[in-house]
Each structure stands twice: as structure tokens, then as C-alpha cells.
Amino acid sequence: MADHSITPENNGMRIGIFTAVALMAYTGIAALAGFLDKIEAGTLDILILIVGVVMAIKRFKKSRGNKMTYLQGYGTGVVTAIVASVLLAGFFWLIGGLSEGVMGSVERIQARDLFGADLGILIGGLGIILLGSMTGVITSLVAMQYFKSPDHQPVASMD
């Protein structure tokens, strides 16, 4: 049964918030454990974001009775990634501002660029938004190749 009260935008917002909560939990644990400054720590963030985008598209398709247009699915994935990335960047800025008092030193959560220069908390947060948004765009494009395929439609009964 199709539920047309779910739109790409509100579905993306809802799943984006859930994804952001998971990302913030992981980032908080990484900051407290002291491995947030390792570039490898960001890999799990990307995987969490990819799972959130795919789940959002899957939820939207299911809410529409397994029928959706390409742009609706693509849009819900992009909105999910942008919402999750912006909320994670806000959390990153928050822990960056609190890090002197709570975690000891700002240097622990400063990112390094590929050439070894320290990036500030502001630039790190903007990088999170950019990386998360682009990851969402690419993931949505790939996921929609899967979800639009007729091979993945529910099997109709022969009754």
C-alpha cells in the first residue's frame, strides 16, 4: 500500500537525522578514545553515511508501493546525506569548541590535509559537509541503479 504522505524531502530529513545521530555517536567515541585525528577514522563515517542514504531510498520506495521515479529516489538520498553531514559538522564544531576544557587540547581533533598542514576546526567542519554531500550524491546515483532495476521488484503471485 502506497503512503503518499512520505516525500523525498521529509524522508531524507528523517533518515538524515537518524544517520547524523549514528555519526555523532561514532565521532564522540572516536574523540574520547583519541583516534579522531587519524584519517582512517573517517572511513567508518563514510560507511555509516552510505548505509543511511541506501536505507532512506529503500524506505521511500517501500512507502510508494515499490514504485518511484528516479529523481525522487535520488533526491531522498541527497537530502539524507546533506542533513546528516550538516548535523555532523555542527557536532564537530561543538566538540572542537569544547575540546580545550573537556578533552585536553584542540590539536587532538584538528584534521590534517594531505600535505601535513593543520586545518582549523571551521575548515574541518566545512570539509565534513563537502565530503558527506558528495558521498551522498555518488551513493544515490549508484543506489538508484539498483533500486530502479526490474530485477529487484517484488515477485507477483500467479493466483
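If you're wondering where the values come from, they're calculated on a predicted model, not measured in any experiment.

### Some details on the overall build of the protein
Turning to step 1, where the next piece is worked out: Per the secondary structure count, the protein includes four helices and zero strands.
Turning to step 2, where the next piece is worked out: Taken from the N to the C terminus, the helices and strands of the protein come in the order α-α-α-α.
Turning to step 3, where the next piece is worked out: Across the protein, every contact between residues at least 6 apart in sequence was considered, and the portion connecting residues at least 24 apart equals 76%.
Turning to step 4, where the next piece is worked out: Only carbon and sulfur atoms are counted for the fraction: they give 70% of the accessible area of the protein, which is about 9,200 Å².

### Concerning the side chain of Thr135
Turning to step 1, where the next piece is worked out: Considering the arrangement of structural elements, one finds Thr135 in helix 4 (residues 121-147).
Turning to step 2, where the next piece is worked out: A residue is classified by how much of its surface remains accessible, and Thr135, at 12% relative accessible area, is buried.
Turning to step 3, where the next piece is worked out: A distance of 2.7 Å separates a polar atom in the side chain of Thr135 from the backbone oxygen of Leu131.

### Some details on the packing of helix 2 (residues 41-63) against helix 4
Turning to step 1, where the next piece is worked out: Taken N-terminus to C-terminus, the directions of helix 2 and helix 4 make an angle of 45°; their axes are 9 Å apart at the nearest point. It follows that helix 2 is oblique to helix 4 by the angle criterion. The hand of the helix 2/helix 4 crossing is right-handed. Residue-level inspection shows Ile46, Leu49, Ile50, Val53, Val54, Ile57, Lys58 and Lys61 of helix 2 in contact with helix 4, the latter providing Leu131, Gly132, Thr135, Gly136, Thr139, Ser140, Ala143, Met144 and Phe147.
Turning to step 2, where the next piece is worked out: Residues that form the contact of helix 2 with helix 4 fall into these classes: 10 nonpolar, five polar and two charged.

### What about the packing of helix 1 (residues 8-33) against helix 2?
Turning to step 1, where the next piece is worked out: One way to put it is that helix 1 packs onto helix 2 with a least axis distance of 9 Å and a crossing angle of 155°. In terms of their interaxial angle, helix 1 and helix 2 are classed as roughly antiparallel. For the element pair helix 1 and helix 2, the recorded crossing hand is right-handed. On the side of helix 1, the interface is formed by Pro8, Asn11, Arg14, Ile15, Thr19, Ala22, Leu23, Tyr26 and Thr27, while helix 2 contributes Ala41, Leu44, Asp45, Ile48, Leu49, Gly52, Ala56, Arg59 and Phe60.
Turning to step 2, where the next piece is worked out: A per-class count over the contact of helix 1 with helix 2 returns 11 nonpolar, four polar and three charged.

### Regarding the side chain of Thr19
Turning to step 1, where the next piece is worked out: Structurally, the position occupied by Thr19 is in helix 1.
Turning to step 2, where the next piece is worked out: Discounting chain neighbours no more than four positions away, the residues touching Thr19 are Ile48, Leu49, Gly52, Thr80 and Ala84.

### Section: the packing of aromatic side chains
Turning to step 1, where the next piece is worked out: Considering all chains together, one arrives at one aromatic pair under this definition.
Turning to step 2, where the next piece is worked out: Here the aromatic rings of Tyr146 and Phe147 are separated by 5.1 Å at their centres, their planes lie at 85°, and the arrangement is edge-to-face.
Turning to step 3, where the next piece is worked out: On the basis of relative accessible area, Tyr146 is assigned to the partly exposed category, the value being 43%.
Turning to step 4, where the next piece is worked out: Residue classification places Phe147 among the buried positions, given a relative accessible area of 10%.

### A short note on the confidence of the model for the protein
Turning to step 1, where the next piece is worked out: This prediction gives the protein a mean pLDDT of 81; 77% of its residues lie at or above 70.
Turning to step 2, where the next piece is worked out: Every residue in residues 101-108 is under pLDDT 50, and counting partners more than four places away or in other chains gives 17 contacts.

### As for the nonpolar core
Turning to step 1, where the next piece is worked out: In terms of nonpolar packing, the biggest core is built from 24 residues, with Leu23, Leu36, Ile57, Met68 and Phe147 touching the most fellow members.
Turning to step 2, where the next piece is worked out: Contributions of two or more residues to this core are made by helix 1, helix 2, helix 3 (70-102) and helix 4.

### Some words on a nonpolar patch on the surface
Turning to step 1, where the next piece is worked out: Together, Met13, Ile17, Val21 and Leu87 line one region of the surface with nonpolar side chains, adding up to about 330 Å² of accessible area.
Turning to step 2, where the next piece is worked out: In terms of residue count, the dominant contributor to the nonpolar patch is helix 1 (three residues).
Turning to step 3, where the next piece is worked out: As for its position among the elements, Met13 is in helix 1.
Turning to step 4, where the next piece is worked out: The class of Met13 is partly exposed, set by a relative accessible area of 42%.

Scoring rules and cut-offs
- Residues numbered from 1 in each chain as written.
- Predicted model: local features only at pLDDT ≥ 70, side-chain atom pairs only at ≥ 80, totals over all residues.
- Heavy atoms only, no water.
- Helix = DSSP H or I, 4+ residues; strand = E, 2+ residues; numbered from the N terminus.
- Contact = heavy atoms within 4.5 Å.
- Areas by Shrake-Rupley, 256 points an atom, 1.4 Å probe, with all protein chains shown as cover.
- Buried < 20%, exposed > 50% of the residue type's maximum accessible area, 1.4 Å probe, protein only.
- Polar contact = N/O pair within 3.5 Å; in protein donor to acceptor, adjacent residues only side chain to side chain.
- Axes fitted to C-alpha atoms, helices over the stretch in contact; angles between N-to-C directions.
- Parallel < 35°, antiparallel > 145°, perpendicular 65-115°, else oblique.
- Left-handed = near helix turned anticlockwise from the far one by under 90°.
- Nonpolar A, V, L, I, M, F, W, Y, C, P; charged D, E, K, R; others polar.
- Phe/Tyr/Trp six-rings, centres within 6.5 Å; stacked < 30°, edge-to-face > 60°.
- pLDDT = per-residue confidence, 0-100.
- Core = buried A, V, L, I, M, F, W, Y, C linked by side-chain atoms within 4.5 Å.
- Patch = residues over 30% accessible without salt bridge, like charges linked within 9 Å, V, L, I, M, F, W, Y side chains within 5 Å.
- Salt bridge = Lys/Arg side-chain N within 4 Å of Asp/Glu carboxyl O.

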